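Okay, here's what each chain looks like letter by letter:
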Amino acid sequence: MVDISGKTANGYTYDGIYQNAGPNRVTWTATYRRNGIFFGMRHGRVDGLHDLPPREIDEVVRDDISQTWAG
């Protein structure tokens, strides 16, 4: 598992984890907060990560977490 955190486009912070779920796929779970107050959780999956280095996988997962909440 990999810990991940960041901020969404609409100002929420998140803390989460992701892990390999199969070939070229990760699943993630994130908790969203605003000003330290819990606002919710989401789960997701990202497919098609063919041979990406770990840094790029982090960015793809961060984008998916942000879009899931702000989208």
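Residues numbered from 1 in each chain as written. Predicted model: local features only at pLDDT ≥ 70, side-chain atom pairs only at ≥ 80, totals over all residues. Heavy atoms only, no water.

Undergrad: Just checking my understanding: could you explain the packing of aromatic side chains for this structure?
TA: Two numbers describe a pair of aromatic rings. These are the distance of the centres and the angle of the planes. Using the criterion set out here, one finds four aromatic pairs in the structure. On the basis of an interplanar angle of 55° and a centroid distance of 6.2 Å, the ring pair of Tyr14 and Tyr32 is categorised as tilted. With Tyr14 in strand β2 (residues 13–22) and Tyr32 in strand β3 (residues 25–34), this pair connects stretches of sequence that are 18 residues apart. Across the pair, Tyr32 and Tyr14 agree in class, each one buried. Through a chain of ring-to-ring contacts, the aromatic side chains of Tyr12, Tyr14, Tyr32, Phe39 and Trp69 assemble into a single cluster. Positioned above the aromatic ring of Tyr12, the side-chain terminus of Arg34 is 4.6 Å from the ring centre. (Phe/Tyr/Trp six-rings, centres within 6.5 Å; stacked < 30°, edge-to-face > 60°. Helix = DSSP H or I, 4+ residues; strand = E, 2+ residues; numbered from the N terminus. Buried < 20%, exposed > 50% of the residue type's maximum accessible area, 1.4 Å probe, protein only. Lys NZ or Arg CZ within 6 Å of the ring centre and 35° of its normal.)

By themselves these figures say nothing about function.
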